[in-house]
Number of protein chains: 2
Amino acid sequence: MFRTNTCGELRLGDAGRTVTLAGWVQRVRKMGGMTFLDLRDRYGITQIVFESSDNEALNEAANHLGREYVVQVSGTVAERTSKNPHLPTGDIEIIARELRVLNPSEVPPFTIEDESDGGDDLRMRYRYLDLRRTPVRRNLELRHRMTMEVRRYLDSKGFLEIETPMLVGSTPEGARDFVVPSRMNPGQFYALPQSPQTLKQLLMVSGMDRYFQIVKCFRDEDLRADRQPEFTQIDCEMSFVEQNDIIELFEGMAKHLFKTIRGIELTEPFLRMSWADAMKYYGSDKPDLRFGMKFVELMDVLKGYGFGVFDNAEYIGGIVAKGAAHYTRKQLDELTEYVKRPQIGAKGLVYARVGEDGTVKSSVDKFYTQEVLRAMADKMGAEAGDLILIISGDDTMRARKQLCELRLEMGRRLGLRDKDKFACLWVVDFPMFEWSDEEQRLMAMHHPFTHPKDEDIPMLDTDPAAVRADAYDMVINGVEVGGGSIRIHNAELQAKMFEILGFTPEKAQEQFGFLMNAFKYGAPPHGGLAYGLDRWVSLFAGLDSIRDCIAFPKNNSGRDVMLDAPAPLDQKQLDELNLAVELPEA
Amino acid sequence: MFRTNTCGELRLGDAGRTVTLAGWVQRVRKMGGMTFLDLRDRYGITQIVFESSDNEALNEAANHLGREYVVQVSGTVAERTSKNPHLPTGDIEIIARELRVLNPSEVPPFTIEDESDGGDDLRMRYRYLDLRRTPVRRNLELRHRMTMEVRRYLDSKGFLEIETPMLVGSTPEGARDFVVPSRMNPGQFYALPQSPQTLKQLLMVSGMDRYFQIVKCFRDEDLRADRQPEFTQIDCEMSFVEQNDIIELFEGMAKHLFKTIRGIELTEPFLRMSWADAMKYYGSDKPDLRFGMKFVELMDVLKGYGFGVFDNAEYIGGIVAKGAAHYTRKQLDELTEYVKRPQIGAKGLVYARVGEDGTVKSSVDKFYTQEVLRAMADKMGAEAGDLILIISGDDTMRARKQLCELRLEMGRRLGLRDKDKFACLWVVDFPMFEWSDEEQRLMAMHHPFTHPKDEDIPMLDTDPAAVRADAYDMVINGVEVGGGSIRIHNAELQAKMFEILGFTPEKAQEQFGFLMNAFKYGAPPHGGLAYGLDRWVSLFAGLDSIRDCIAFPKNNSGRDVMLDAPAPLDQKQLDELNLAVELPEA
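Residues numbered from 1 in each chain as written. Chains lettered and ligands numbered in written order. Predicted model: local features only at pLDDT ≥ 70, side-chain atom pairs only at ≥ 80, totals over all residues. Heavy atoms only, no water.

Engineer: Help me out: how do you make sense of the side chain of B:Asn59 in this one?
Structural biologist: Residue position: B:Asn59 is located in helix α1 (residues 56-63). Apart from the residues within four sequence positions on either side, B:Asn59 is in contact with B:Gly33, B:Met34, B:Thr35, B:Phe50, B:Glu51 and B:Ser52. (Helix = DSSP H or I, 4+ residues; strand = E, 2+ residues; numbered from the N terminus. Contact = heavy atoms within 4.5 Å.)

Here is the structure:
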């Protein structure tokens, strides 16, 4: 060992001990005849003192240390005269007797401080230096503790962690697969799994009863800010259960994590909200319930007074921003511009302020009497000093989504989205299908293995779009951290599902024959869910992006700029794989 | 929940309780007016009784159940009249009141019993049924418990589990990579990692101090019986350590696993043996020390008596098989044929028996006097009743390897390789390089990041082939379960190593520039090791192949016969990836 102790563990009780530490030079300060060195490792920072009166050469050597040099120091632990209460080791310092440079360092391209001067690109290129920064390292420590606690909890509930293969078959339904050419099977390809969905179902058929896996999954999608081509799931499945069993067990896991990781004891059951209600009251299947601003529908109040926009609308709904009546015209114009951005696409925004005297002043006063506006304010529960914001549209779902964006923006502006406050709920009763304009057919909203609600099964033949599923999402602070469903375990029902989704029997057999075949040999009722680990860690870490809880993330082009991957292959490798690259002409 | 209890938990104390169980029909037996159903799940088997006098229809329904039907049964727990001491639930049975078929089953293609009638191919095709068999399921349960204990141990030692990426860059040095075409970066490819070696070293540069990961790795090799294209490593790395620190910490982990998983308390330190001694005394860098039969070199005893084979040999060595003097001519001929097989390649085998009177009778008696033969027997420590087996050759290493195979075969024949006995050791002081006839250059024996022994560094310039490395393997029962090394942490030494390995500076920079660059910014001394999880589980489970501790293994052609992967891609997918398949002409 190059050390007797880490840089984070020595305390006043160690005074007088002879110790050896090793770590990185955080800072060197010369003060008169003394040199102070802050020595850093993963565990903390310890101050080292070199006294020139004591050893001139040693003091001189310390003065030549550069930032991020790796050094080994031996000396005696001593009580500090001026203690540093911000540092766990702040009561002591090491009076140095020996110094050895284990490895020098060039000047790093950015400072290794909590707030670095490195931009995103530079930090990613030198990610190994970025990871030395305390806030980044803490995210990885948090991630480690979360996965340890997840495993501890699931193990205590009888779950077995079972590894499923990474080299599987390609299933073009859904997102794009990453594929892997097989040299031993020329012209054939494996795919990397988008999730172990069908494999975990096979494990249920095999009687494993309770399975989990913390596992890498892959999706070749065009990357948005917060997507990675490879991501990590906490993937779980159970047999002989109904929806409520799964919800209760995994709510227990969430509470265990809140308690052990964040020190928050959640005693109440999580709210459960139907998908229909989530859409109706929050315009989202993952409502952020850290704050209210529930939608109030206003069709009955505001229609028929000659305001064409509302009179022709299929939907009119509003929210109340408590105490925001003071918003200036400029602020309201900003909000209007916000909802009119192409990503949101509202045509406009109607607002009304409730004055201190209770009168309501709106942007559409010329169409409405004070009586109507008061009725509106009353229906919305708006009080003196509140601001009312209204969105309308000719497509209810679209208008609700616009109002949802407005609500989230107002929550942000009013400081209601505190990262240290957590609002958890289950969204349940999802629709089984959603219509795809692109594909011109029904698509599975969750996936094709989801079990319809028993009472809705007759509608599969008559009105499939109205069928609800035994599907559920866990939502925290507007983030879908996990989701799952009861699965189909019956070969005929599964075949019918593929039929509704537009598969020919041959295509269904080709792609999912292994699963439908397995269902013929005694498949138990089963269901499960999967959590997005990256998202959940980000949420607990208070991060805006999942990237900073991943050791070596990829950028928005799917590149690892540190490794400079992907890259062209040698011709020899391509030949062995029987592949030719055919680039489109420039 | 479809059950109140599992099929493994009810005991005599539960008698009188009303319970509901769910599981698979293992067996139905009709005896007079009663029907006995063995109901199975992951947790055990419980006997259910249907009495026709009690409920004729229910009894009738039970008689129609087929093997592997999934059923739910409610009834009352009762004490059995004839108890089954072999079953934890053998004191009780359930008097059935209700029976519900949750899913019928076709007749499975093989029996779901400990000893199945299914051949390997059939079992793999229906792996989800094969996994229902108790011995196969137990392997996966063992694997789960081992990984839980590994994590528990390493977490307690301050290790962080950190996920490294699966989509990395290709490094053609070493085995072949599996590659993944990038759609977003046309003409470019990721590679799947053969191990996270360089990434974990970067984590050390980043100050993570103690890292581990249980992680999938990939090698596109032609598969031998006991290789899989994807396999799992327990991958570990530590900073500020020397070889002995790593050995002690991971010996502790091995002992923890032996204790918690196998109930074996290993109190002694593991033997440490130099690579040179392992080769000299056992002809292998992974000797099986469950038994002796140490090699004895016989050049000085047997050379120069006119037996041409020995007189011209560069190596003569033998082993003593205790008490095997009774071996017949037929058995000895079998052994001779065994070592002459092309995979082993010995030219022949010389043997000698030590009689009860101490006289030695050999297959080469005409060349040697009894005095010489006695001297040989004495040198070898052979006693009355022992069999001496001798191999010679004109290449020492080759002859030793042949003698090693003979030793292992004799150990097997004499029943000395008990699967429930464990002999652990560290093989240390590996050579840094080995000569490759194929490549006509030195290759790294471990990998190019291995640190040479400090005292041997001067020989890098003068006699690189003689340089030893700070490398070590953990060997149990002749299986290399893990191995590792102290790594180079100095950019110049790393560059020198690549030079010796025949890399141009440009090539080294292109492939490993990210690592050598990182070493310039304060890399700490570090080292680590990696265990092959599949092998270790197999060893603890007493399996002959790693396949049965993997849920969904691939066959020797790298195929998953259950999923039927790999498979050809749709043309659309190939086009999106800018790829064309060019198969060689038939």
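There's plenty left to go through after this.
Engineer: Sorry, what's going on with the pattern of salt bridges here?
Structural biologist: Note on pairing: side chains with opposite charge can pair once their charged atoms come close. Residue and element names in this part refer to chain B. Going through the model one piece at a time under the given rule, you end up with 114 salt bridges over all chains. Among the ionic pairs, Lys280 bridges to Glu297, the shortest N-O distance being 3.8 Å. Taken as a pair, Lys280 in helix α7 (residues 275-282) and Glu297 in strand β12 (residues 296-297) lie far apart in primary sequence, 17 residues in all. Residue class for Lys280 comes out partly exposed when judged on its relative accessible area of 29%. (Salt bridge = Lys/Arg side-chain N within 4 Å of Asp/Glu carboxyl O. Buried < 20%, exposed > 50% of the residue type's maximum accessible area, 1.4 Å probe, protein only.)

Engineer: For this particular structure, what's the right way to read the packing of helix α4 (residues 134-156) of chain A against helix α4 (residues 134-156) of chain B?
Structural biologist: Angle between the axes and distance between the axes are the two parameters that describe a pair of packed helices. Between α4(A) and α4(B), the shortest axis-to-axis distance is 11 Å and the interhelical angle comes to 140°. The orientation of α4(A) relative to α4(B) falls into the category oblique. Both α4(A) and α4(B) take part in a crossing whose hand is left-handed. Of the residues in α4(B), those touching α4(A) at A:His144, A:Met148, A:Arg151, A:Arg152 and A:Asp155 are B:His144, B:Met148, B:Arg151, B:Arg152 and B:Asp155. Partitioned by chemical class, the residues of the contact of α4(A) with α4(B) number two nonpolar, two polar and six charged. (Axes fitted to C-alpha atoms, helices over the stretch in contact; angles between N-to-C directions. Parallel < 35°, antiparallel > 145°, perpendicular 65-115°, else oblique. Left-handed = near helix turned anticlockwise from the far one by under 90°. Nonpolar A, V, L, I, M, F, W, Y, C, P; charged D, E, K, R; others polar.)

Engineer: How do you make sense of the side chain of B:Glu141 when you look at a structure like this?
Structural biologist: Examined against the element boundaries, B:Glu141 turns out to sit in helix α4. When near neighbours in sequence (up to four residues on either side) are disregarded, B:Glu141 contacts A:Leu160 and B:Arg42.

Engineer: What am I meant to see in α1(B) here?
Structural biologist: Residue and element names in this part refer to chain B. For α1, the full list of buried residues reads Leu58, Asn59 and Ala62. Angular distribution of buried residues about the axis of α1 spans 100°; they occupy a single face of the element. In this structure, the buried residues of α1 make contact with β1 (18-31), β2 (34-41), β3 (44-51) and β5 (92-103). Sitting at the head of α1, Asn55 places a side-chain oxygen 3.2 Å from the backbone nitrogen of Ala57. (Arc of directions from axis to C-beta. Polar contact = N/O pair within 3.5 Å; in protein donor to acceptor, adjacent residues only side chain to side chain.)

Engineer: Would you mind going over helix α15 (residues 505-518) of chain A with me for this structure?
Structural biologist: Along an α-helix, residues three or four positions apart point the same way, because every turn accommodates 3.6 residues. Over its 14 residues, α15(A) runs only 16 Å from end to end, short of the ideal 20 Å by more than 12%, given 1.5 Å per residue. At A:Phe512, α15(A) shows its strongest bend, of approximately 90°. Along α15(A), the residues that are buried comprise A:Ala508, A:Gln511, A:Phe512, A:Gly513, A:Phe514, A:Leu515, A:Met516 and A:Ala518. At its buried positions, α15(A) is contacted by α5 (197-205) and α14 (491-500) of chain A together with α3 (127-130) of chain B. (Expected span 1.5 Å × (residues − 1). Bend = angle between axes of the 7 residues up to and from the residue.)

Engineer: Please explain the relation of the copies chain B and chain A as it appears in this structure.
Structural biologist: Related by rotation about an axis and a shift along that axis, the two copies of the chain form a pair. Of the transformation placing chain B onto chain A, the axial shift is 0.0 Å and the rotation is 180°, giving an RMSD of 0.1 Å. Look at the turn and shift together and you get a two-fold axis relating the two. Here 100% of the contact residues of chain B are again contact residues in chain A; the copies associate through an equivalent surface. (Least-squares fit on C-alpha atoms with pLDDT ≥ 70 in both.)

Engineer: Sorry if this is basic, but what is going on with the state of the cysteines here?
Structural biologist: Covalent bonding between the sulfur atoms of two cysteines defines a disulfide. Residue and element names in this part refer to chain A. Applying the stated rule across the entire model yields zero disulfides over all chains. Residue Cys236 stays outside any disulfide, its sulfur separated by 12 Å from that of Cys217, the closest cysteine. Of all cysteine sulfurs, the one in Cys236 lies closest to Cys424, which takes part in no disulfide; the gap is 17 Å. Residue classification places Cys424 among the buried residues on the basis of a relative accessible area of 12%. (Disulfide = S-S within 2.5 Å.)

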